[in-house]
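# Structural features, examined
Spelled out from the first residue to the last, the chains are:
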Amino acid sequence: MIKFGIIGCGRIAHRFMQGLPEVPGAVLAASWSRRAETVDAFISQYGGKACTSVDELLAGDIDAVYIATLPDSHMEYCIKALQAGKHVLCEKPAALNLQQLDEVLKLSKATGLLFMEGMKPPFYPLYTQLKEYLKHDPIGEVGYVRAGSSVADVSKDHPNFSYELAGGSLMGIGIYEAFLAIDWLGETKEVQAMGHFGPTGVDTFAIFQTKHAGGYAQVYTGFDLHGKGDALIAGTLGHITIHKNWWNPARATIDYLDGRSVEISKPFIAGGLNYETAHFCDLIRTGATESPIVTHALSRGMIAMIDETRRQIGLKFIGE
Ligand SMILES: NC(=O)c1ccc[n+]([C@@H]2O[C@H](COP(=O)([O-])OP(=O)(O)OC[C@H]3O[C@@H](n4cnc5c(N)ncnc54)[C@H](OP(=O)(O)O)[C@@H]3O)[C@@H](O)[C@H]2O)c1
């Protein structure tokens, strides 16, 4: 049984707990959040021990932590957890920037403990089935990815709008698009970006296009416009549409050059975080320090792409 401790009991931590009962051999043991009322409410809903400090949580009988705070504090808690001998599953983006992520990866390597970024899409049943299907009915050489997400109904007090908490559309959503581009096209070679800021000083709309080892990607991300939220992956023999919201994928259509159209539908259950959590638990059991799917190199590539996009639109966070 893998015993989890949770750091930061907000929205995504609730979704993590929606999925945990679906993960074989995993249980919530303890939680801590900055405000006592947040952790008390969380514990009364899901059980486990309410801790009054991060040190108390990390000194307790847990195997792994799920870090569900905002990116301003991811590095701090990842490092504390690894130093305390706990495996780490950290929400995306895994750190504020590449420099911070490298500190965490260095420690993961030194301690021999597992570190994985919670980049959920590749674990969804639709995504894995799509990749499996393409092995025997391929779309040829993939050379282009187009994806977007702009969500106009986020309330203005959401941390996505907070400069201090390292919000903004690139950190909140763009990191998913970075995943998709690298997953299908390989290592990033070049980034070109534009974007604008809202009144709180973070990007509320940004577009970026990237050149990769395998082709090109074009991406938009924002909180201003009601965008479509689907993804297009184009190859020499066909293209794939992952229907909205592509980052919680449940349905895809493959259109082939020869006129065939193939639909793949694979709904997810329990909020969808259960799949990455199950993978993370399996890795702990095998003694791995890195996921073969969300590799450390992938996490580095994703945050490096967001770093460069932020640099080009002029967005620096506190301490940068
Ligand atoms: N994988 C996904 O599908 C998905 C979806 C949404 C968000 N996310 C990611 O999940 C992370 C959290 O987002 P969210 O929407 O859950 O935010 P949220 O609702 O604000 O939750 C974060 C919680 O962490 C606590 N917290 C914040 N800063 C802290 C600190 N320095 N130390 C201790 N506790 C702290 C806050 O609780 P108190 O201050 O009340 O204690 C807050 O409730 C972000 O990195 C985001 O990108 C992932």
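Residues numbered from 1 in each chain as written. Predicted model: local features only at pLDDT ≥ 70, side-chain atom pairs only at ≥ 80, totals over all residues. Heavy atoms only, no water.

For the protein, the name recorded in an unreviewed UniProt entry is Gfo/Idh/MocA family oxidoreductase, with Mucilaginibacter glaciei as its organism. Quoted verbatim from the Sequence similarities (unreviewed entry) heading of the UniProt record, the comment on the protein is "Belongs to the Gfo/Idh/MocA family." (UniProt positions renumbered as here; feature names shortened; annotations may be inferred.)

Below, the discussion takes up the overall build of the protein. Of the regular secondary structure elements, the protein holds nine helices and 14 strands. Against the globule reference of 20 Å for 320 residues, the protein gives a C-alpha radius of gyration of 19 Å, in line with a compact fold. Overall, the protein is about 60 × 45 × 35 Å in size when its C-alpha atoms are taken along their principal axes. Expressed as a percentage of the 320 residues in the protein, the buried residues total 55%. Restricting the contact set of the protein to residue pairs at least 6 apart, pairs at least 24 apart contribute 68%. Total accessible area on the protein stands at roughly 13500 Å², and carbon and sulfur atoms take up 54% of it. Looking at charge distribution, the protein has the averaged site of its 28 positive side-chain charges lying 1 Å from that of its 35 negative ones. (Helix = DSSP H or I, 4+ residues; strand = E, 2+ residues; numbered from the N terminus. Rg over C-alpha atoms; globule rule 2.2 N^0.38 Å. Buried < 20%, exposed > 50% of the residue type's maximum accessible area, 1.4 Å probe, protein only. Contact = heavy atoms within 4.5 Å. Areas by Shrake-Rupley, 256 points an atom, 1.4 Å probe, with all protein chains shown as cover. Lys, Arg positive; Asp, Glu negative; His and termini not counted. Charge placed at Lys NZ, Arg CZ, Asp CG, Glu CD.)

Next up on the list: the UniProt feature "domain: GFO/IDH/MocA-like oxidoreductase" (unreviewed entry) in the protein. UniProt's entry tags residues 127–240 with the feature "domain: GFO/IDH/MocA-like oxidoreductase" (unreviewed entry), counted in the numbering of this structure. The span residues 127–240 carries 24% helix and 39% strand; its end-to-end C-alpha distance comes to 11 Å.

This part takes up the nonpolar core. Note that soluble globular proteins tend to have their nonpolar side chains buried in a common cluster. In this structure, F4, W184, I240 and I254 are the most contacted members of the largest nonpolar core, which totals 102 residues. Per element, the largest residue contribution to this core is eleven residues, and it comes from helix α7 (residues 169–185). Here this core gathers at least three residues from each of two domains, domain 1 (2–119) and domain 2 (122–272 + 302–313). I254 has contacts with L130, Y133, L134, I139, H239, I240, R260, S261, V262 and I264, leaving out every residue within four places of it along the chain. (Core = buried A, V, L, I, M, F, W, Y, C linked by side-chain atoms within 4.5 Å. Domains from an automatic or database assignment.)

Moving on to the pairing of strand β12 (residues 238–242). The element β12 is largely enclosed, with a buried count of four among its five residues. A loop of two residues connects strand β11 (residues 231–235) with β12, the two strands running antiparallel in sequence. Taken together, the five bridges between β12 and strand β13 (residues 251–256) define a ladder with antiparallel strand orientation. Within β13, the residue paired with H239 across the bridge is D255. (Pairing = 2+ DSSP bridges.)

What follows is about the domain arrangement of the protein. We note that the domain assignment places domain 1 (2–119) and domain 2 (122–272 + 302–313) within the protein. Relative to domain 2, the C-alpha centre of domain 1 lies at a distance of 26 Å. The junction of domain 1 with domain 2 conceals about 1700 Å² of combined surface from both sides, 65% of it contributed by carbon and sulfur atoms. Viewed at the interface, domain 2 and domain 1 are joined by zero salt bridges. Across the contact surface, domain 1 and domain 2 share seven residue pairs in polar contact (both at pLDDT 80 or more). Those elements giving two or more residues to the side of domain 1 that touches domain 2 turn out to be α1 (11–19), α5 (98–111) and β6 (115–118). Among the elements that take part in the side of domain 1 that touches domain 2, α1 stands out by supplying four residues, more than any other. (Buried area = accessible area lost by both parts, 1.4 Å probe. Salt bridge = Lys/Arg side-chain N within 4 Å of Asp/Glu carboxyl O. Polar contact = N/O pair within 3.5 Å; in protein donor to acceptor, adjacent residues only side chain to side chain.)

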